[in-house]
Amino acid sequence: MNQSKSDNLKALRHSAEHILTQAMENLYGKGKFYMAMGPATDDGFYFDFEPIGDFKISEADFPKIEAEIQKIIKANLPITQKNITLDEAKKLFSANPYKLEWLDQIKDKGEAISVYWTADQFVDLCKGPHVKSTGEVVAIKLMSIAGAYWHGDEKNKMLTRIYGTAFDSQTELDNYLHNLEEAKKRDHRKLGKSLDLFSFHEEGPGFVFWHPLGYQIYQNLVVYWRQIHKQKGYVEVKTPTMLTIPVWQQSGHMQNFIDKMYLAKTSDLDTPQYAIKPMNCDGGMLIYSSNPHSYKELPIRMGELGVVHRYESSGEVHGLMRVREFTQDDAHIYCTPEQVEDELKAAISLCKEIYKTCGLPLDHIELSTRPEKSIGSDAVWQKAETTMTKVLTQGKIEHQINPGDGAFYGPKFDFHLKDCLGRTFQCGTIQLDFAQPENFNLEYTDKDGQKQRPIMIHRTIYGSLERFIGLMIEHYAGAFPVWLSPIQAKIIPITDRQNDYAQSVKQALLDKNITVEIDDRSETMQKKIKDATDQKIPYMLIIGGREVDSRQVSVRQRDGIDLKSMPLADFIGQITKQVTEKSLNLIK
RNA sequence: GCCACCUUAGCUCAGUCGGUAGAGCAAUUCUUUUGUAAAGAAUAGGUCCAGGGUUCGAGUCCCUGAGGUGGCUCCA
């Protein structure tokens, strides 16, 4: 979309928001709610208001509101801008505490006070821009209702928010809604159920139950992760699920994250003496500190596929994307100050390599800086943030700054990926930490025989196996590349006379480490093909009398392409190549 | 946690004004042995999320709770 078109759409959507507000005033009367604010967004607009008394709006009211909106659009009322004085504005919006607050802010900034009138029927304090008349908003639809805090702050009152979208043609609105429906078909929760990958149960809210096929995908990612980390000089460890509480006090987790931690106790005590790990670093540092270290050993890159538990608030749990128990593909790098930059760079490039292999496009990288709740001195934070910035600048790595969102022990790079609806999720994270080595009194001996403090880098790449798989399911709509597919080939004997040969084909593939199943149900071949296609199995090996006689397999891809009969060895060669090379989707 | 909504068979869903629950797919059994996207028939399948209330009577109305969905806040 070109700039002027996108600006115009923005103005149109902002106008749509005014029309919505006017429609609500017409229907319910001005005394029912205070309008607070409402901007255009990337895909529509929203309108925040505070209901007065027991006034309430739900999605069931949308048809009525939309009908009123249509009246305003049909009337094609002119929208005009006017600058007014502070006194005039205060009079105009005297009944509305939100607008009065805006006015104070505008006054402080010394800006002009701009209002927009829709004919002489509706007025709002607004910078604009807007379209010239309500008739330009050709297609509009109210989408959903939500709560939102005033100024986005939890301490403020919660307002009611109505989301909607608008376009300059009905076709574009229809397209948008159609695309939304299509995107929802890729939803990992839906596919997780229909492909039988995982489930959730009331008995473990926020905990994933991995079914055999889902766990195979998980394992495929783990195998790859181990292989590439070994190549990159990592070692792998495993630390306990729970540790005694003092260690969490030492690291500061007990103070900073107590509300997210699960506690545990034995039956002989009344109070918890253990905390279940919300992250892996405390255990990792105990390993580091169990031996003396020389500078010659550094950097030590210690990986751990650690299962962590975090008691996320109920409203935050979301499918595989935000769970309460998940596996971090964690690693802690202990290094000297001289090594920090290279290690950061190497971690960034490893992250990019892994996303590339998995075929997942990176949405953006964020640099998150010191949060309010943090440990460590100003000087240490300054130094850490400077180093991080330097690495990004030198590598010419595009990034956004996310102020105040760092870990409590250090600044971090976050790698964000998108889900099917365009919502972004943090996956990889690389965190620089000068504070924890201090807390745990970690040391190495330098070449002069002096004790020195190592610097620690915490990093994940998948972030959480759960979230990463969720994103992969949506990216591929369940049709994984062959190397990640939970079942790589389905053998389909046409009649039970081919079962013996089918078994020998299965064994030959198993011998080559290909995950394969036989469908020997008493069903038609067509039905078996349909089922295997629905399961998104990349290859179907159809075996009838002809294949048995010629010792071949008839290969069909899940995208419907018929590769015809070929010697089994040819098929094995092809699929093995795709698995070992981790080819991205050759078959849709 | 907050706002709104949802929860009916294994799955997807229907169920009118409050009158004791229905379909398709899946499952099971039988028949069918099939050449590139759904063979046919029969059978079975339910604490209508849980608990309380209103009512002669609740899947349906009200309250509380659990789980989930869309947002907000949060996200080591």
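So, how was this worked out
- Residues numbered from 1 in each chain as written.
- Chains lettered and ligands numbered in written order.
- Predicted model: local features only at pLDDT ≥ 70, side-chain atom pairs only at ≥ 80, totals over all residues.
- Heavy atoms only, no water.
- Helix = DSSP H or I, 4+ residues; strand = E, 2+ residues; numbered from the N terminus.
- Areas by Shrake-Rupley, 256 points an atom, 1.4 Å probe, with all protein chains shown as cover.
- Lys, Arg positive; Asp, Glu negative; His and termini not counted.
- Charge placed at Lys NZ, Arg CZ, Asp CG, Glu CD.
- Pairing = 2+ DSSP bridges.
- Axes fitted to C-alpha atoms, helices over the stretch in contact; angles between N-to-C directions.
- Contact = heavy atoms within 4.5 Å.
- Salt bridge = Lys/Arg side-chain N within 4 Å of Asp/Glu carboxyl O.
- Buried < 20%, exposed > 50% of the residue type's maximum accessible area, 1.4 Å probe, protein only.
- Core = buried A, V, L, I, M, F, W, Y, C linked by side-chain atoms within 4.5 Å.
- pLDDT = per-residue confidence, 0-100.
- Expected span 1.5 Å × (residues − 1).
- Arc of directions from axis to C-beta.
- Right-handed = clockwise from strand over helix to strand, strands pointing away.
- Polar contact = N/O pair within 3.5 Å; in protein donor to acceptor, adjacent residues only side chain to side chain.
- Near = heavy atom within 4 Å.
- Nonpolar A, V, L, I, M, F, W, Y, C, P; charged D, E, K, R; others polar.

## Looking at the overall build of chain A
Looking only at helices and strands, chain A has 18 helices and 28 strands in total. By principal-axis analysis of the C-alpha atoms, chain A measures approximately 85 × 75 × 55 Å. Accessible surface, chain A as shown: approximately 28,400 Å² in total, 50% of it carbon and sulfur. Of the charged side chains in chain A, 72 are positive and 80 negative; the average position of the first set lies 3 Å away from that of the second.

## Things to note about the sheet that holds strand S27 (residues 552-557)
Judged by pairing direction, the sheet is mixed, and its five strands sit side by side in the order S25-S24-S26-S27-S28 without closing on themselves. Looking at which strands have only one partner, the edges of the open sheet turn out to be strand S25 (516-518) and strand S28 (562-567). If you compare each strand with its neighbour and ignore which way they point, the axes differ by 25° on average. Both strand S26 (residues 539-543) and S27 contribute to a ladder of four bridges, which runs antiparallel.

## Describing the sheet that holds strand S11 (residues 235-236)
Pairing is mixed in the open sheet, where eight strands are placed in the order S11-S15-S16-S23-S20-S19-S17-S18. The two strands at the open ends of the sheet, each matched to only one other strand, are S11 and strand S18 (400-402). For strand S20 (residues 424-433) and strand S23 (residues 455-460), the ladder comprises five bridges, and the chain directions are antiparallel. The residue bridging Gln431 from the neighbouring strand is His458, located in S23. With respect to the sheet, helix H11 (residues 340-358) is in contact with strand S15 (300-309), strand S16 (325-335), strand S17 (364-368), strand S19 (412-418), S20 and S23, its orientation differing from that of S20 by roughly 160°. Sheet strands touched by helix H14 (residues 465-476): S15, S16, S19 and S20. Its angle to S20, the strand with the most contacts, is close to 145°.

## Focus: the pattern of salt bridges
With the rule as written, the count across this model stands at 28 salt bridges. Notably, a salt bridge pairs Lys71 with Glu68, separated by 3.4 Å at the nearest N-O pair. Here Glu68 and Lys71 lie together in helix H2 (residues 62-74), a separation of three residues that amounts to about one turn. Under the relative-accessibility criterion, Lys71 is labelled exposed at 55%. For Lys418, the salt bridge identified is with Asp363, shortest N-O distance 3.3 Å. Taken as a pair, Lys418 in strand S19 and Asp363 in the loop between H11 and S17 lie far apart in primary sequence, 55 residues in all. Residue classification places Lys418 among the partly exposed positions, given a relative accessible area of 46%. Exposure remark for Asp363: the relative accessible area of 32% places this residue in the partly exposed category.

## Some thoughts on the nonpolar core
Ranked by size, the top nonpolar core spans 92 residues in total, and within it Leu221, Phe413, Phe468, Val553 and Phe571 carry the most contacts. No other element matches H11, which puts nine residues into this core. When sequence neighbours within four positions are dropped, the list of residues in contact with Leu221 reads Cys358, Tyr462, Leu465, Phe468, Ile469, Met472, Trp483 and Leu484. Within the second largest apolar cluster, 37 residues are counted, among which are Ala23, Leu77, Ile79 and Ile162.

## Quick look at the confidence of the model for chain A
Scored by pLDDT, chain A comes out at a mean of 93, with 99% of its residues at no less than 70. Under the prediction, the complex receives an ipTM of 0.94, its pTM being 0.94.

## Side note on helix H18 (residues 568-580)
The terminal C-alpha atoms of H18 lie 18 Å apart, and with 13 residues this matches the ideal 18 Å at 1.5 Å per residue to within 8%. Among all positions of H18, only Leu568, Phe571, Ile572, Ile575, Gln578 and Val579 are buried. Angularly, the buried residues of H18 cover 135° about the axis, an arc narrow enough to put them on a single face. Seen from the open side of H18, the exposed residues pointing more than 90 degrees away from its buried face are Ala569 and Thr580.

## Observations concerning the pairing of strand S24 (residues 489-493)
The element S24 is largely enclosed, with a buried count of five among its five residues. In S24, alternate side chains face the same way, and those of Ala489, Ile491 and Pro493 on one face and Lys490 and Ile492 on the other are all buried. Examined bridge by bridge, S24 and S25 share three bridges and lie parallel to one another. Paired with Lys490 across the strands is Glu517, a residue of S25. Following the backbone out of S24, through helix H15 (residues 499-511) and into the adjacent parallel S25, one traces a crossover that is right-handed. Of the pairings in the sheet, the one linking S24 to S26 comprises five bridges and is parallel in character. Each residue of the ladder has a partner; that of Lys490, found in S26, is Met540.

## Some points on the side chain of Ser114
Tracing the backbone through its elements, the reader meets Ser114 in strand S5 (residues 113-118). Of note is the side chain of Ser114, whose polar atom sits 3.0 Å from the side chain of Gln81. In contact with Ser114, not counting residues within four places along its chain, are Gln81, Lys82, Asn83, Asp124, Leu125, Cys126 and Lys127.

## Let's talk about the protein's contact with RNA strand B
By nearness alone, 59 residues border RNA strand B, and Tyr149, Ser314, Ser522, Thr524 and Ser554 come closest of all. Each atom of RNA strand B within 4 Å of the protein belongs either to a base or to sugar and phosphate, the latter forming 57%. Here a base oxygen of RNA strand B and a side-chain polar atom of Glu316 are 2.8 Å apart. A distance of 3.1 Å separates a phosphate oxygen of RNA strand B from a polar atom in the side chain of His318. If you list the elements that add at least two residues to the surface near RNA strand B, you get strand S7 (139-149), strand S8 (158-167), helix H6 (188-194), helix H9 (253-257), helix H16 (525-534), helix H17 (545-550) and S27. Residue composition of the surface near RNA strand B, grouped by class: 17 nonpolar, 20 polar and 22 charged.

## Notes on helix H12 (residues 378-394)
Between the first and last C-alpha of H12 there are 24 Å, a value that for 17 residues agrees with the 24 Å anticipated at 1.5 Å per step. Along H12, the residues that are buried comprise Trp381, Ala384, Thr387, Met388, Val391 and Leu392. End-on, the buried residues of H12 take up no more than an arc of 135°, which puts them together on one face. Exposed and facing more than 90 degrees away from the buried side of H12 are Asp378, Ala379, Gln382 and Thr393. Buried residues along H12 sit against H11, S17, S19 and S20. A positive phi of about 50° marks Lys396, the residue just after H12.

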